[in-house]
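Coordinate inspection notes
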Amino acid sequence: MSCATESHAYVIFGATGNLAMAKLLPALFQLHCLGQLAPDVRILGCGRTPFTRDAWRGEVREHLQAADPGPLESFLPRLDYLTGSLEDAAFYQALDIWIGAGECGNNVIFYLSVSPELYVPITVGLVEAGLLAERTGWRRMVIEKPFGHDLQSARDLQHELNLRLKEEQIYRIDHYVGKESVQNLLVLRFANMILEPLWNRHYIDQVQITHAETIGVNGRASYYDRHGGATRDMIQSHLLQVLALLAMEPPVSLEAESLRDEKVKVLRSIRPLDPSQLASHAVRAQYAGYQQEAGVAAGSHTETYAALKLYVDNWRWRDVPFYLRTGKRLKERRSMVAVRFREPPIQLFQGAGASAAHPNWLLIGIQPDDVVQMEISAKVPGQETRTRQISMDASVGNPGERKAEAYEELLMDVIQGDRSLFLRYDEVKAAWNVVDPFMRGWADDERPPLQYPVGSWGPKAADQIFGQADREWRQTLRCDGKPGGKC
């Protein structure tokens, strides 16, 4: 990262919420510690909770809990707080006064860390107060996911924003794409010629993308049950982004529009779901006990686990299945990509005295392990011709290297006006086009979701979408923790 030299202000709506306290303010604090924020950058928290400036700084001090108090004490003077209703014109007048009283060079970032139903009211309030007009500087708005809850609501939201903002002012953030391990997918794809000749339907049998969590809804049951679900929460945004990075063609350059053009091509190439294939291409389930969570509607069909089988119908990937799954209260916290290669056309080492061949895998850990691993077959020492898997693996980072948090990268990109890692509207629309048919199919199905035990890898029925007895989900980076074990 290079230092942001322009003066600017961050205005965080919903500053007392969990996202702001757990992610945004710690990220801004780290940028401050690294010298990435210009000296006169100011950060304004906005919310209904009636904090004074000093009380707000005290709250932030407790949440950050810095080991070294020096940087924290120099960070806190950047902070201010404005109390008010986000639907009250007087609040935006006070905000205008606060911005005008500073020395931010009229450059302002508005971060909407609020419920989606407040996106439009806040935008209207900012426009009516003249706070989005770019007269002598820039004004940028960061919008958290979800961008709509289906295709039609995304269109409606985009229409409202188009009436009041230029597209280049809108930063649709997906923090998953900001993870260094996700960005590393681009480097693996396009900086290593060893992979490119194999990266197609002729050599790859399947691709699995997994995001597993051990936590449940964590006090967000009411919101998750009404607006979320595993498919909307994780697949529509995060996992489809990973799929696009894996499947995209080389961009002309790393410039934002070139990157996003190629991702959109992939999403538009995903084969539409035939309603008759819903059962063979998708599984939804709830963890045992979800119905008893406070805030969950009686008889809720909201899925906490979802698995989809998708096909990218283009020249490179035709008929290669991409399996996406995500779930809560699973056995391990793990995000990974598992690429299984096709088997040799003739199995020379099967037969008398020889063991069955093992498939080759390329495994990419996203979290908590940021690693790249290749599994290949080798001969077991001895007189018999027996094979086993051996693993070639390496951590992406070196000991002592600090890995930037996703929000640090993304907030810095907003300051610099780099939209490469932010979603364009046609990208959002294409992603909704992929998942909407699954959501409609489930909505028309009166049967309740399957159940799976807490601490498991989800419902056994999820294996059925492979359609082959010798195919199953890759659960770990190493098979049973060691090369040659059962995957």
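Before going into details, it helps to say that this report is about the structure given with it. (Residues numbered from 1 in each chain as written. Predicted model: local features only at pLDDT ≥ 70, side-chain atom pairs only at ≥ 80, totals over all residues. Heavy atoms only, no water.)

Right, let's get into the environment of Ile390. By the element assignment, Ile390 lies in strand E14 (residues 387–395). For Ile390, a relative accessible area of 32% gives the class partly exposed. Distance in space between the C-alpha atoms of Ile390 and Ser377 is 6.1 Å, their sequence separation being 13 residues. (Helix = DSSP H or I, 4+ residues; strand = E, 2+ residues; numbered from the N terminus. Buried < 20%, exposed > 50% of the residue type's maximum accessible area, 1.4 Å probe, protein only.)

Moving on, we come to the sheet that holds strand E2 (residues 42–47). Pairing in this open sheet of six strands is parallel, and the strands run E3-E2-E1-E4-E5-E6 from one edge to the other. What marks the edges here is a single partner per strand, and that holds for strand E3 (79–83) and strand E6 (170–172). For this sheet the average axis-to-axis angle between neighbouring strands, irrespective of direction, equals 20°. Where strand E1 (residues 9–13) meets strand E4 (residues 108–112), five bridges bridge the pair, whose relative direction is parallel. Counted as the bridge partner of Phe13 is Leu112 from E4. Docked against the sheet, helix H2 (residues 53–64) engages E2 and E3, running at close to 120° with respect to E3. (Pairing = 2+ DSSP bridges. Axes fitted to C-alpha atoms, helices over the stretch in contact; angles between N-to-C directions. Contact = heavy atoms within 4.5 Å.)

Attention now moves to unusual backbone geometry. Going from Lys145 to Pro146, the amide bond is cis rather than trans, its omega being 5°. Mapped onto the secondary structure, Pro146 falls in the loop between strand E5 (139–143) and helix H6 (151–162). Pro368 follows Gln367 through a cis peptide bond whose omega is 0°. With respect to the element layout, Pro368 can be found in the loop between strand E12 (361–367) and strand E13 (371–379). If you check the backbone angles, Arg329 has positive phi at about 55° while not being a glycine. Note that Arg329 resides in the loop between strand E10 (321–327) and strand E11 (334–341). Residue classification places Arg329 among the partly exposed residues on the basis of a relative accessible area of 27%.

Counting buried positions over the five residues of E5 gives five, a clear majority of the element. Here E5 shows no split at all, with Arg139, Met141 and Ile143 on one side and Arg140 and Val142 on the other all buried. As paired elements, E4 and E5 share five bridges and run parallel to each other. Considered in E5, the bridge of Phe110 is made with Met141. Inspection of the sheet shows E5 paired to E6 by three bridges, in the parallel sense. Counted as the bridge partner of Ile143 is Arg172 from E6. On the question of chirality, the crossover connecting E5 to the parallel E6 by way of H6 is right-handed. (Right-handed = clockwise from strand over helix to strand, strands pointing away.)

Below, the discussion takes up a nonpolar patch on the surface. On the surface, Ile346, Leu348 and Phe349 cluster together into a nonpolar patch covering about 370 Å² of accessible area. By the secondary structure assignment, Leu348 is in the loop between E11 and E12. (Patch = residues over 30% accessible without salt bridge, like charges linked within 9 Å, V, L, I, M, F, W, Y side chains within 5 Å. Areas by Shrake-Rupley, 256 points an atom, 1.4 Å probe, with all protein chains shown as cover. Salt bridge = Lys/Arg side-chain N within 4 Å of Asp/Glu carboxyl O.)

Core analysis: the largest hydrophobic core is formed by 105 residues, its most contacted members being Phe13, Leu95, Phe110, Leu126, Leu240 and Leu243. For this core, the element with the highest residue contribution is helix H9 (residues 230–247), accounting for eleven residues. Not counting the four nearest positions on each side in its chain, Leu95 is found in contact with Val11, Phe13, Leu44, Leu82, Phe110, Leu126 and Leu131. Judged by nonpolar contacts, the second largest core, of 38 residues, contains Leu72, Leu79, Tyr407 and Met412. (Core = buried A, V, L, I, M, F, W, Y, C linked by side-chain atoms within 4.5 Å.)

Where empty space is left can be seen by rolling a probe of water-molecule size over the atoms. On inspection of all chains with the given rule, the structure shows five cavities of 30 Å³ or more. Its volume calculated, the largest cavity comes out at about 110 Å³. Ile143, Glu144, Lys145, Pro146, Phe147, Arg172, Ile173, Asp174, Gln236, Ser237, Leu423 and Val428 together form the lining of the largest cavity. The class makeup of the residues in the lining of the largest cavity is six nonpolar, two polar and four charged. (1 Å grid on protein atoms, 1.4 Å probe; cavity = no way out; pocket = protein on both sides within 12 Å on 5 of 7 lines; lining within 4 Å. Points joined across faces, edges and corners; volume = space filled by probe spheres on them. Nonpolar A, V, L, I, M, F, W, Y, C, P; charged D, E, K, R; others polar.)

Before going further, it helps to spend a moment on the pairing of E1. The buried fraction of E1 amounts to five of the five residues, a majority that puts the element mostly inside the structure. By the alternation rule, side chains of E1 split into Ala9, Val11 and Phe13 and Tyr10 and Ile12, which are all buried. As defined by bridge partners, E1 adjoins E2 across five bridges and the pair is classed as parallel. Across the sheet, Ala9 pairs through a bridge with Arg42, a residue of E2. In the classification by handedness, the crossover that spans E1, the intervening helix H1 (residues 18–33) and the parallel E2 is right-handed.

Moving on, we come to the side chain of Arg419. Assignment of secondary structure puts Arg419 in the loop between helix H12 (406–416) and helix H13 (425–443). A residue is classified by how much of its surface remains accessible, and Arg419, at 12% relative accessible area, is buried. Only 2.9 Å separates the side chain of Arg419 from the backbone oxygen of Glu167, close enough to count as a polar contact. Ignoring anything within four residues of it in the chain, the contact list for Arg419 reads Glu167, Glu168, Ile170, Tyr171, Ala256, Glu257 and Arg260. (Polar contact = N/O pair within 3.5 Å; in protein donor to acceptor, adjacent residues only side chain to side chain.)

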